[in-house]
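Spelled out from the first residue to the last, the chains are:
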Amino acid sequence: MSEVSHNGDGYVVVAEDLVKHFKSGTLTVRAVDGVSLRVQAGRMVAVRGPSGSGKSTLLNLIGALDRPDSGLLSVDGVLVSRLSGRSEAAYRRSKVGFVFQSFNLIPQLTAVENVQVPMDLAGQPRTGAEREERARELLRHVGLPPDRHDRRPSRLSGGEQQRVAIARALANDPPVLLADEPTANLDSRTGRVIVQLLRRLTEEGRTVIVATHDRAIAASAHEILEMRDGRLVPPGRGDPEPA
Amino acid sequence: MRTAGRALRNVARSPLRSAQLVVVLAVSTALTLIMLTVYGSFGQRLEQIKGRIGTTVTVRPPGSGGFGGLAIAVGPDATTPVLQESDLEGLESLEHVVSVERSYVTGYQGDDLKLVLSQEDLQKRGVVVRGGPPSIEKQIPILLNGMTPTATLTTVDGNPVDVTAGRALSGEDAGRDVAVVGLDVAEQNGLVVGDTFQLRGVTLEVIGIFDAGTQFDNAAVFLPLGTLQRILDAEGEVTQVRVRADSTEHVDEVEDAVRALLGEDRADVTSDASLFEGIRAPVEDARRSSLIGLLAAVVASGAVIVLAVVLVSRQRIKEIGILKAVGATSGTMVTQFGVEALSLSVVAGILGALATFPLAQVVADGLLSDPAMPAPSGSSGLTASKGAAIKSFQVAGGLPGHLSGVLPGSVDVVVEPVVFLYALAIGAGLAVMAAAVSAWYVGRVRPAEVLRYE
């Protein structure tokens, strides 16, 4: 894995002139168009903007779910923009956890098994029993009652599924948690609970980057980044002050 | 190991999908194994047939019966088609010829020797008796077989006979008035070794008694060729010549040389090889069909697994995306899909192998079309007419006895337990194919693309 050090300046995520364009027929969609940013460790950052502004693509690039066309991106000392193949997979396993809007749990696995998958892939902890114990601990940590641990996703509510997804994202103890519209499929009360949970994770020293168009979530963040047409713009008038 | 465990759990947790795939794969695998087994059985049968092709080229008078046939005249007015020995000169010196055996075979029906079979015995042997009212017993002709004394005693079909008393003819018996008599002829005429009997005024000594196993084949008397020719006033005449080639590879060459020497209109020249063409052809046709079936089954199995993997991969593309998003490598995914495919195809292979046992014979019988061959010699039709009308009978329409049992009416398919090993090999092959397809498919999946659309 390519490494660059950012320990000195305290930034865990550094992007320089990051570009990602898509071809759509004859049109070129400038999803991320020269984004530069720096995120300090232990902060919750909200990336806000309307649909199509490029916030999900930015998170995908940070999470190595997609590759930038150009620019530099480093996360926790890893030069993500130069990863490929096994090093890219290793980065996804150890450096970032991803929480999706629609949870994206594997339907044939139980809650505890879904949380175990990243640990199985990493081979840590060493034994299956240890991994299961850690998975149950994580599920308890995110507030999923023990009687739900062995249920499949289809037998869990939306909020419970998102808790499982957050536990899975935390499975390998990554320094960065990426959440793409984590409350979009939840009712407002459950959404608030999930936001509080994400915010609480930053108190453990984790960095949380949330893509959202929900003002309430943004209000909970330490910092808000506004995106328009693939670019970061200054926060608009009337936006809440960062907490 | 963790990946394999996850793969097996996936298989177990999707019982309907797994069962559907197993059924389709089991059918394909069964077809492959059945065709493989049937192909092997046909191959063994062909080898068996080839192994029984003799090195004999048979020369008979023209029109005396082309397919193992032998026209035998009976009675004082009958005329036996013959070859003149003077026409046969030069056979011994043909290339690849190791021996030439002449014989004179004719039927005898008279007072010197008698053989009577009951109507029931005749009917048991499928003999159709035409003309006149049924009678209780029938006198049947006795075959007089004048042979080269050094040759092996055989029935007209070519089956060797057992000398049960006395001895067979030998080289010293050439021209002597001696005979080896069939068991039924000996019993009905009260003859034992050392006795004498009259045949057309010549006194013959019984030096041996043989048992060929059937009453018809025992209705014969072997004499030295020269002795029979003298008795019948048929010096210089023979009814059959057996020319032996030095190897099966040279039979065709010898047959052509004999035909060229004697001329097409002076003799019918046949060989085991030409007789076997009629037997071998349907087996080879069936074998070819089974090979085509085998290839089709293999292609079908491959197509099934490829389509199944593509279909399953498409159905599970989100799962692939999720796994890659949480850190699975393409190799891990391919291993998982490979293990899933292996477990399904092994189960399908075992089921397919089990299905092979009852179905292989059915398929073989279906592939082997009715060769429309004449009946084996053991049941050859002996057609007799009543009284004076009984002038001849034809021991025809059958293969020589040493070739009997190779008719391809059915091929016994023996399914060996090794089919389970083949099934495992097929399963492994299919799994490798599935892994290759999934590797191609999984490698193309970008998590951001498949997880973008909810």
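J.: Would you mind going over the overall build of chain A with me for this structure?
T.: Within chain A, the secondary structure is distributed over seven helices and 10 strands. Out of the 243 residues belonging to chain A, those deemed buried represent 55%. Taking the intrachain contacts of chain A between residues at least 6 apart in sequence as the baseline, contacts between residues at least 24 apart amount to 70%. When the accessible surface of chain A is totalled, it reaches about 10300 Å², and 45% of it is carbon and sulfur.

J.: I keep staring at the overall build of chain B and nothing clicks. Help me out?
T.: Within chain B one finds 11 helices and 18 strands. Counting the 454 residues in chain B, one finds 49% classified as buried. Sequence separation of 24 or more characterises 82% of the internal contacts of chain B that already satisfy a separation of 6 or more. Summed over all atoms, the accessible surface of chain B reaches about 19800 Å², with 57% contributed by carbon and sulfur.

J.: Honestly, the sheet that holds strand β2 (residues 27-40) of chain A in this entry has me stumped. Any pointers?
T.: Hydrogen bonds along the backbone pair up the strands of a sheet, which may run parallel or antiparallel. All names here are of chain A. Strand order in this open sheet of four strands is β2-β1-β4-β5, and the pairing throughout is antiparallel. Each having just a single partner strand, β2 and β5 (78-79) make up the two edges of the open sheet. Bridging between strand β1 (residues 11-24) and β2 involves 11 bridges; their strand directions are antiparallel. By the bridge assignment, F22 is partnered in β2 with V29.

J.: When you look at unusual backbone geometry in this model, what are you seeing that I'm missing?
T.: One can expect most non-glycine residues to show negative phi and most peptide bonds to be in trans. Positive phi outside glycine occurs at A:D229, with the angle close to 50 degrees. Along the polypeptide, A:D229 turns up in the loop between β9 (223-228) and β10 (231-233). Note on A:D229: relative accessible area 63%, which makes it exposed. In this structure, B:H96 takes a positive phi of about 70 degrees despite not being glycine. Position of B:H96 among the secondary structure elements: in the loop between β3 (83-84) and β4 (97-108).

J.: I would appreciate a short explanation of a negative patch on the surface in the present structure.
T.: Together, B:E95, B:D246, B:E249, B:D252 and B:E253 give the surface a local cluster of negative charge. Structurally, B:E249 is set in the loop between β15 (240-245) and α6 (251-262).

J.: Is there a simple way to think about the nonpolar core in this case?
T.: If you look at soluble globular proteins, the nonpolar side chains tend to sit buried side by side. One finds A:V13, A:L58, A:L73, A:V75 and A:I209 to be the most contacted residues of the largest nonpolar core, which totals 82 residues. When residues in this core are grouped by element, the largest group, 10 residues, is from helix α2 (residues 15-52) of chain B. Not counting chain neighbours up to four residues away, the residues in contact with A:V75 comprise A:V12, A:V13, A:I62, A:V80, A:Y91, A:V96 and A:V176. In terms of nonpolar packing, the next biggest core, distinct from the first, is built from 45 residues, B:L115, B:L117, B:F197 and B:L199 among them.

J.: So what exactly am I meant to see when it comes to the packing of aromatic side chains here?
T.: Residues and elements named next belong to chain A. Applying the stated criterion across every chain, the model contains three aromatic pairs over all chains. Ring geometry for F98 versus F100: centroids 4.8 Å apart, planes at 20 degrees, classification stacked. For the pair F98 and F100, one class covers both residues: buried.

J.: Where do I start with the confidence of the model for chain B in this structure?
T.: Interpretation of this model should avoid reading the predicted coordinates in detail wherever pLDDT is low. On average, residues of chain B score 77 in pLDDT, and 79% of them reach the 70 mark or higher. Scoring of the predicted complex yields 0.59 for pTM and 0.86 for ipTM.

J.: Please clarify how the side chain of B:S343 should be interpreted in this entry.
T.: Residue and element names in this part refer to chain B. Relative to the helices and strands, S343 resides in helix α9 (residues 330-367). Assessed through its relative accessible area of 16%, S343 is described here as buried. Each residue touching S343, except ones within four places of it in the same chain, is listed here: L8 and V11.

J.: So what exactly am I meant to see when it comes to the interface of chain B and chain A here?
T.: Put simply, an interface is often sized by how much accessible area is lost when its parts join up. Taken residue by residue, the interface counts 23 residues in chain B and 27 residues in chain A. Of the roughly 2300 Å² buried at the junction of chain B and chain A (both faces included), carbon and sulfur atoms supply 53%. Looking at the side of chain B facing chain A, the largest losses of area belong to B:R2, B:R13 and B:R446, adding up to 27% of the total buried there. Our count for the chain B to chain A interface comes out at zero salt bridges. Counting every contact that joins chain B to chain A gives four residue pairs in polar contact (both at pLDDT 80 or more).

J.: Is there a simple way to explain a nonpolar patch on the surface in this structure?
T.: Nonpolar side chains collect at one region of the surface, where B:L36, B:V418, B:L421, B:Y422 and B:L424 lie side by side and expose about 410 Å² of accessible area between them. You can call B:L421 exposed: its relative accessible area is 54%.

J.: Would you mind showing me how to read the confidence of the model for chain A here?
T.: Residue and element names in this part refer to chain A. With 93% of its residues at a pLDDT of 70 or more, chain A has an overall mean of 84. Counted against residues more than four places away or in other chains, residues 1-8, with its pLDDT under 50, gives 20 contacts. Every residue in residues 237-243 scores below 50 in pLDDT, and together they form 14 contacts with partners more than four places removed in sequence or on other chains.

J.: Is there a simple way to think about the sheet that holds strand β3 (residues 44-48) of chain A in this case?
T.: Residues and elements named next belong to chain A. With mixed pairing, six strands are arranged side by side in an open sheet as β6-β7-β8-β3-β9-β10. The two strands at the open ends of the sheet, each matched to only one other strand, are β6 (96-99) and β10. If you compare each strand with its neighbour and ignore which way they point, the axes differ by 25 degrees on average. Pairing of β3 with strand β8 (residues 207-212), which is carried by five bridges, proceeds in the parallel orientation. Bridge pairing in β8 links V47 to A211.

J.: Teacher, can you tell me more about the pattern of salt bridges here?
T.: Should their charged atoms come close, side chains of opposite charge can pair. Residues and elements named next belong to chain A. Tallying each qualifying case throughout the model produces 28 salt bridges over all chains. In this structure, D120 and R131 form a salt bridge, with 2.7 Å as the shortest nitrogen-oxygen distance. In this pair, D120 sits in helix α3 (residues 111-122) while R131 sits in helix α4 (residues 128-141), placing the two residues 11 residues apart along the sequence. The burial state of D120 is the same as that of R131; both residues are buried. Bridged by salt links that share partners, the residues K20, D66 and D69 form one connected network.

J.: Got a minute to help me understand the environment of B:P81 in this structure?
T.: Residue and element names in this part refer to chain B. Mapped onto the fold, P81 is located in the loop between β2 (70-73) and β3. A relative accessible area of 31% means that P81 is categorised as partly exposed. When the C-alpha atoms of P81 and Q240 are compared, they prove to be 9.7 Å apart, with 159 residues separating the residues in sequence.

Procedures and definitions
- Residues numbered from 1 in each chain as written.
- Chains lettered and ligands numbered in written order.
- Predicted model: local features only at pLDDT ≥ 70, side-chain atom pairs only at ≥ 80, totals over all residues.
- Heavy atoms only, no water.
- Helix = DSSP H or I, 4+ residues; strand = E, 2+ residues; numbered from the N terminus.
- Buried < 20%, exposed > 50% of the residue type's maximum accessible area, 1.4 Å probe, protein only.
- Contact = heavy atoms within 4.5 Å.
- Areas by Shrake-Rupley, 256 points an atom, 1.4 Å probe, with all protein chains shown as cover.
- Pairing = 2+ DSSP bridges.
- Patch = residues over 30% accessible without salt bridge, like charges linked within 9 Å, V, L, I, M, F, W, Y side chains within 5 Å.
- Salt bridge = Lys/Arg side-chain N within 4 Å of Asp/Glu carboxyl O.
- Lys, Arg positive; Asp, Glu negative; His and termini not counted.
- Charge placed at Lys NZ, Arg CZ, Asp CG, Glu CD.
- Core = buried A, V, L, I, M, F, W, Y, C linked by side-chain atoms within 4.5 Å.
- Phe/Tyr/Trp six-rings, centres within 6.5 Å; stacked < 30°, edge-to-face > 60°.
- pLDDT = per-residue confidence, 0-100.
- Buried area = accessible area lost by both parts, 1.4 Å probe.
- Polar contact = N/O pair within 3.5 Å; in protein donor to acceptor, adjacent residues only side chain to side chain.
- Axes fitted to C-alpha atoms, helices over the stretch in contact; angles between N-to-C directions.

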